[in-house]
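These are the residues of each chain, in order.
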Amino acid sequence: MEKDKKSFLFERTDKGTNTVVTVGDVPIGDGRLVLMAGPCSVESEEQIRVTAEAVCKAGANILRGGAFKPRTSPYSFAGLGEKALELLRKAADEQGMPCVTEVLDAGDVALVANYAHMLQVGARSMQNFKLLAAVGRQGLPVLLKRGMGATQDEWLLAAEHIMAAGNHEVVLCERGIRTFEPSSDVSLDLGGLVPLRRRTHLPVIVDPSHAATDPATVGLLARCAAAAGVDGLIIEVHPDPLHARSDGQRALKPEGFSTLVSQVLSVFDSAGGKFLG
Ligand code: PEP
Ligand code: MN
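These figures come from a predicted structure and were not determined experimentally.

**Q** I'd like a description of the site of ligand 1, backed by residues and values.
**A** Around ligand 1, a shell composed of Cys 40, Arg 64, Lys 69, Glu 102, Gln 120, Gly 122, Ala 123, Arg 124, Lys 145, Arg 175, His 210 and Glu 236 is seen. Within the contact set of ligand 1, an oxygen atom lies 2.8 Å away from a side-chain nitrogen or oxygen of Arg 64. At 3.0 Å, a side-chain N or O of Lys 145 approaches an oxygen atom of ligand 1. Here ligand 1 has 300 Å² of accessible area as a free molecule, and 97% of this is covered by the chains. Grouping the amino acids of the shell around ligand 1 by side-chain chemistry returns 2 nonpolar, 3 polar and 7 charged.

Following this line, the structure appears as structure tokens:
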């Protein structure tokens, strides 16, 4: 941690007080488990409409869907851009839910903010400091994913970049980090939630989808995160995972999501909700 500053905006000062970040009309960090769900990418009007209806019915609070996709290969589907933003917002409005989507470029912040209720900064962009400053200069809440190779210090300092630019509405999202373990692409750092919670008052959610290789593992990791008392989960759901244009191999079908919701809520309740604060 940098030595030239004594305290940081992300730091917990009072043991019991957590920040509540409100997305549309959904509070995150008030002791309930918030569920964000939807496809990795928005692919068509029908796909996002059907998914939004299903996840809302199953109990999701916030609709997710990618419009600008960061892809490892330049030949992979990179999202439908503004068309996807329009479709996402329309589907969210039809269900009366707020929506979250990724912004990849500082120059697109105003465009994405026109449609979304929350801006996602993805794992690959966690140290794009111009993007962090740009989302920090606007008023919508930000979902800040942990970089795959980022320590907690680096992740929290990325949050500090957003907060120092003026926006204190930051939600942290653990989504797995690269380790030497080859059985999955990344290892979900659930143990890290304990020191993280001790250090920051910001809400913390978990994305089990990107750390999993298959839908059953998504469910298991989601239950583990719920038992740890996180503030929310973000889960990828697709009506036809076999034909999804991104991340289909671990997407849940709507029926699977519905089962997962009742399981995670019961785990969250029986574990007592919060483990700190
Ligand atoms: C996503 O949410 O689809 C995504 C690309 O997430 P991450 O930045 O965590 O890989
Ligand atoms: Mn994805």
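Next comes the rest of the write-up.
**Q** Can you explain the state of the cysteines? Please cite residues and give values.
**A** As enumerated under the stated definition, the model contains 0 disulfides in all. Cysteine Cys 56 remains unbridged, with the sulfur of Cys 99 as its closest cysteine sulfur at 13 Å. Lacking any disulfide linkage, Cys 173 is separated from the closest cysteine sulfur, that of Cys 40, by 13 Å.

**Q** Break down the sheet that holds strand β5 (residues 99-102) for me, with residues and values.
**A** Paired through backbone hydrogen bonds, the strands of a sheet run either parallel or antiparallel to each other. Taken in spatial order, the 8 strands close into a barrel running β3-β4-β5-β6-β7-β8-β9-β10, and their pairing is parallel. For this sheet the average axis-to-axis angle between neighbouring strands, irrespective of direction, equals 25°. Here strand β9 (residues 204-206) runs beside strand β10 (residues 232-236); their pairing, made up of 2 bridges, is parallel. Residue pairing across strands places Ile 205 opposite Gly 232, the latter belonging to β10. Set on the sheet, helix α2 (residues 82-95) makes contact with β4 (62-64) and β5; between it and β5 the angle comes to about 160°. Each of β7 (142-145) and β8 (170-174) touches helix α5 (residues 152-164); the most contacted strand, β8, lies at about 160° to it.

**Q** Can you tell me about the pattern of salt bridges, naming the residues and giving the values?
**A** Here the idea is simple: oppositely charged side chains can pair when their charged atoms come close. One pass over the full model with this rule turns up 14 salt bridges. A salt bridge links Arg 49 to Glu 53; the nearest nitrogen and oxygen atoms lie 3.8 Å apart. Here Glu 53 and Arg 49 lie together in helix α1 (residues 45-58), a separation of 4 residues that amounts to about one turn. Under the relative-accessibility criterion, Arg 49 is labelled partly exposed at 30%. Look at Glu 53 and you get partly exposed, because its relative accessible area is 42%. For Lys 83, the salt bridge identified is with Glu 86, shortest N-O distance 3.6 Å. On the criterion of helical spacing, the pair formed by Lys 83 and Glu 86 is a turn pair, its members being 3 residues apart in helix α2. Where salt bridges share partners, they join Glu 46, Arg 49 and Glu 53 into one cluster.

**Q** Lay out the nonpolar core with the relevant residues and their values.
**A** Membership of the largest hydrophobic core comes to 72 residues, with the highest contact counts inside it found for Leu 63, Val 135, Leu 144, Leu 172, Leu 233, Ile 235 and Phe 257. At 7 residues, the largest contribution of residues to this core is made by α5. Setting aside anything within four residues of it in sequence, one finds Leu 144 in contact with Val 121, Met 126, Leu 132, Trp 155, Ala 158, Ala 159, Ile 162, Val 170, Val 171, Leu 172 and Cys 173. Formed by 14 residues, the second largest nonpolar core is a distinct cluster that contains Val 26, Ile 62, Leu 143 and Ile 205.

**Q** Tell me about the packing of aromatic side chains, and please be specific about residues and values.
**A** Taken as a whole and judged by the stated rule, the model has 1 aromatic pair. Plain terms: the ring middles of Phe 8 and Phe 10 are 5.3 Å apart, the flat faces sit at 15° to each other, and that makes the pair stacked. As far as the burial class goes, Phe 8 and Phe 10 line up, both buried. Here the guanidinium or amino end of Arg 245 rests over the ring plane of Phe 77, the centre of that ring lying 3.9 Å away.

**Q** Hey, could you go over the pairing of β5 for me, with residue numbers and the actual values?
**A** Covered by surrounding structure in β5 are Cys 99 and Thr 101 together with Val 100 and Glu 102, the residues of both alternating faces. Relative to β5, β4 is paired through 2 bridges, and the arrangement is parallel. Its bridge partner being in β5, Arg 64 is matched across the sheet by Val 100. For the segment spanning β4, α2 and β5, crossover handedness is right-handed. For β5 and strand β6 (residues 118-121), the ladder comprises 3 bridges, and the chain directions are parallel. Of the residues in β6, the one forming a bridge with Glu 102 is Gln 120.

Scoring rules and cut-offs
- Residues numbered from 1 in each chain as written.
- Chains lettered and ligands numbered in written order.
- Predicted model: local features only at pLDDT ≥ 70, side-chain atom pairs only at ≥ 80, totals over all residues.
- Heavy atoms only, no water.
- Near = heavy atom within 4 Å.
- Polar contact = N/O pair within 3.5 Å; in protein donor to acceptor, adjacent residues only side chain to side chain.
- Areas by Shrake-Rupley, 256 points an atom, 1.4 Å probe, with all protein chains shown as cover.
- Nonpolar A, V, L, I, M, F, W, Y, C, P; charged D, E, K, R; others polar.
- Disulfide = S-S within 2.5 Å.
- Pairing = 2+ DSSP bridges.
- Helix = DSSP H or I, 4+ residues; strand = E, 2+ residues; numbered from the N terminus.
- Axes fitted to C-alpha atoms, helices over the stretch in contact; angles between N-to-C directions.
- Contact = heavy atoms within 4.5 Å.
- Salt bridge = Lys/Arg side-chain N within 4 Å of Asp/Glu carboxyl O.
- Buried < 20%, exposed > 50% of the residue type's maximum accessible area, 1.4 Å probe, protein only.
- Core = buried A, V, L, I, M, F, W, Y, C linked by side-chain atoms within 4.5 Å.
- Phe/Tyr/Trp six-rings, centres within 6.5 Å; stacked < 30°, edge-to-face > 60°.
- Lys NZ or Arg CZ within 6 Å of the ring centre and 35° of its normal.
- Right-handed = clockwise from strand over helix to strand, strands pointing away.

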